[in-house]
Amino acid sequence: MCLTELKLLCLVSIYCLPDKSSLLLSVSFCEARVVKVPVGPLVHVAGQAVSIRCDVSYYEGPRDQDFEWSLVLAGDKLLSLVSTFDSNFVDPSMRDRVNSGDINYNKLGDAAIELKFKKVRATDSGVYRCSTPSTDSVISGNYHADVELKVIADTLEASYSGSPSQSLSEGDPLQLECQVSSQTFQHTHLSVTWFLHGEEDEIPRPIITLDKDLTVKPGAGFEDGYRAGLISMDKVEDTTYRLKMPQVQQSDQGKFFCKAIEWIQDPDRSWTQIAHKTTTACNVEIKRIVAPDAGSFSVHLKASKGPLQEGDELDIRCSVNAQNLPGHFFSVTWLKNQQKVAHIGSSGVLTMFDSYKERENAAEMRAVKTSHTDYLLTIRSARAEDQGQYQCEVWQENMNEDGTFKKIQKQMSSPETVSITSQFSQQKKPVRGPKVSLAVRWMFQPRNSTVQTNILSIRHTGEITWRADQRNYQLSIQAQPLDTHFTLMVPRASKQQEGQYQCQVDAYQKDVQKAKIISNPLAVIVQKPGKYSYLFKKIMYVRFILHQKFGHTLMLLTMDLDAVVKFGPAAGLEMDQRIRMEIRQKQDFQLTIHQVRTSDSGQYHCEVEEWLQDPLGDWYSLKKMSVSKELVVKEKESKLHVQKDNRTLNITNHQAGFTVDCVIDSQSSDKSVFEVTWFKVQEEEGPVTMFTARRDGILHSAISYKYLVFGRPLATHYKLTVPQINPTDMGQYYCQVEEWLLTANTWKKLDSDKSGVLSIYVHTEGDSDKQTDPLGTALGVTIPLICFLVLVIILLLRRDHKRNSELKKKKDCLWAENNPLSPMPEVTPAAGDHS
């Protein structure tokens, strides 16, 4: 939420200083009422539920505030909608919608409300005002705020046009597509999610999502399958979202559907959902394949589901399910009506039998080993003669020392019947024409080839046999009174049909051949299509290549001629998550790299090759173009900083404790996570790890004998407390912070920093009044020593003084004995003299 208007009351005070020589000016701001609504315009889709929030703050009076919502009309007139305190507030023209609950309000607390539309209409577009009645002692601030609401048409479309149900076996591939588009004029983003609603699921589970920022996210429970490549989602062209699961499991059974959500970015940069659509579902049944016993294997055959017509593609897949078989060498043979069709040996060599060799040479048939346990026989253009009962014969073989293979055990699949209907189930005999029956055969010899092949044959009894792809030719038979016209037409000529054509006609009477005529050869040359031929489809083959230093060349993305986007082998699983190619227009291709890093630096090349496709699927290259762009990614400067205040703490009460704080002042990213470790340093010892709070939330104490308390009052404030201490806890403590960031499912360490040091001094019992710091200890020893020395000096001085006095007295006594004193004569006072 952002403020739409803010008014502050300014208080100015002037003070005269005592010396009257100057004035002191004081300015202060008082908090004033603020009513705020979201920054508009708010864009929503008609028919969706809409809520608009309004808050009031810095108000006086009752804690519970009232609100009114109105629609601003021309000339600043108001159309009353809802009120929290006046039931008659609503305008009569809006009363029915308010009474029905189509327009309503919801109090979100004492100071917040939201205006609610159950289904917003296009006519609801306009400016809405949220007002609050005054409960303040002084009118200050703003008492209403306006926000614009735009209601646009719902143009979001989502559909699923595939089969409503599919029956698969475990290990089969599943591919589903849904089409999503929006025609809104606003700049919106789409997100598409595929859901699975299994039989045991209360609600559908999201499988995988292509988010609004074009990032792919697997749903809960599908992460492992996504990382293993068993679940993927591609955006094909502009509107098709394809779910691919190469090997389905029994747990994948249920109803699949996709949901599209349209998002718009509000002016405050937040994304809001404005529309959503859900497609119909495809019910997928998955048959369980029973695992064989240890040391044995089983074979499962699966053919294309019918109904099939001549010219359709026929796939016959053989799957081998093996358990604990050393070597795992298998040879596979396809059988039709107990006759061999094709064989793939243990060494991978392909063998076609009988008439199928010719069809393989004409590229009508192929057999390949698609995986370690899957073998696929494909008939590109099925014929009526291809129908029948198919089986797979599989031998387990061991390799001898000389490289040959020895058969060990055999398993047969269950038979499966394939039916193919002909577009010409039975050709009526004209053969009103001549009295004879005619057999007609068209032959074709490709250019630069000496082999002549049959296109089709019409027997004299009327049966038609196609040898070529029936979709590439048309047959017309016109019976006249005297003759019959057999016409072979090529409706969509391509380079494949370039060559020499001939026709052979045989005449029969009563099933006996009477004559044979071969026409002259007709050479047909097919010109290469022009660039602007309307009969041909034009498309681009796009490649994004990265050239890095030291000669490294990486193929990142390609879009082939089928418009399928594939990651290059050098992109890898990690870069697969970060790069996307987007077709903005028909000829505008954009490569997006998310979460760039320095290793992405280099010269990016977009190579485009223009191709034309003829109606038969042949491609013709026209020209190649390329463009390059240099990308330089610099390492992001680290902004991690931990407070470094150094402190000293003297502790006398052993029942008390101390706390080592670790406060992070700044960080490189708001998505960073931290790993914090506390260390203790004692005299003549290195740092010792005490405790670690890992980035994944796991706490680890490295001191088993000590009880430590961890706390995190704020996202950037960590603390470790030692509740009870003893003299061994004396030392220096600090913490070290490591900053980590998750980029493309990979954790990257950005930087590390240390805190300041907390020095702990602990008093021992018995001298709790003494300072235990070095200065106090020195003074405590030095002062008594000085006093003692002074006392000794004083005593020595006094002793010397006494000795000197005694010697003087003794000397005086000796002088008196040697020199006796004479008595002093008496003196008589004179007359008048008074003492």
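Computed from a prediction, not measured in an experiment: that's the story for all the values here.

Draft legend 1. A look at the sheet that holds strand E3 (residues 34–36). Spatially, 4 strands are ordered E3-E5-E9-E8 in an open sheet, and the strand pairing comes out antiparallel. Edge strands, defined here as strands with exactly one partner in the open sheet, are E3 and strand E8 (103–109). In this sheet, neighbouring strand axes are inclined to one another by 20 degrees on average, regardless of whether the strands run parallel or antiparallel. Bridge analysis of E3 against strand E5 (residues 50–57) gives 3 bridges, and the strand direction is antiparallel. The residue of E5 that forms the bridge with Lys36 is Asp55.

Draft legend 2. Highlighting the confidence of the model for the chain. Residues with a pLDDT of 70 or more make up 80% of the chain, whose mean pLDDT is 80. Here residues 1–30 is a poorly scored stretch, pLDDT under 50, and it has 48 contacts once near neighbours within four places are set aside; other chains count. The low-confidence segment residues 810–835, where pLDDT is below 50, has 0 contacts with residues more than four positions distant or belonging to other chains.

Draft legend 3. Spatial organisation of the state of the cysteines. As enumerated under the stated definition, the model contains 4 disulfides in all. In this model, Cys54 is linked to Cys130 through a disulfide, with the two sulfur atoms separated by 2.0 Å. Taking the sign of the torsion about the S-S bond as the criterion, the disulfide between Cys54 and Cys130, at about -85 degrees, is left-handed. Placement of Cys54 in strand E5 and of Cys130 in strand E10 (residues 126–131) is noted, with a sequence separation of 76 residues between them. Neither residue differs from the other here; Cys54 and Cys130 are each classed as buried. Disulfide partners in the chain, listed by the sequence order of the bonded cysteines, are 1-2, 3-4, 5-6, 7-8.

Draft legend 4. Broad picture of the pairing of strand E52 (residues 658–666). Strand direction decides the pairing type here: strand E50 (residues 641–642) and E52, joined by 2 bridges, are antiparallel. Looking at E52, one finds that Val642 is bridged to Ile664. With 6 bridges joining them, E52 and strand E57 (residues 717–722) adopt antiparallel strand pairing. Across the sheet, residue Val663 finds its bridge partner in E57, namely His717.

Draft legend 5. Main features of the pattern of salt bridges. Under the criterion given, the structure shown has 26 salt bridges. With a shortest N-O distance of 2.9 Å, Arg53 and Asp55 are connected by a salt bridge. Look at Arg53 and you get partly exposed, because its relative accessible area is 33%. The partner of Asp201 in a salt bridge is Arg205, with the nearest N and O atoms 3.0 Å apart. Judged by its relative accessible area of 27%, Arg205 falls in the partly exposed class. A network of salt bridges, in which partner residues are shared, links Arg359, Glu364, Arg383, Glu385, Asp386 and Arg467.

Each value, and the rule that gives it
Residues numbered from 1 in each chain as written. Predicted model: local features only at pLDDT ≥ 70, side-chain atom pairs only at ≥ 80, totals over all residues. Heavy atoms only, no water. Pairing = 2+ DSSP bridges. Helix = DSSP H or I, 4+ residues; strand = E, 2+ residues; numbered from the N terminus. Axes fitted to C-alpha atoms, helices over the stretch in contact; angles between N-to-C directions. pLDDT = per-residue confidence, 0-100. Contact = heavy atoms within 4.5 Å. Disulfide = S-S within 2.5 Å. Buried < 20%, exposed > 50% of the residue type's maximum accessible area, 1.4 Å probe, protein only. Salt bridge = Lys/Arg side-chain N within 4 Å of Asp/Glu carboxyl O.

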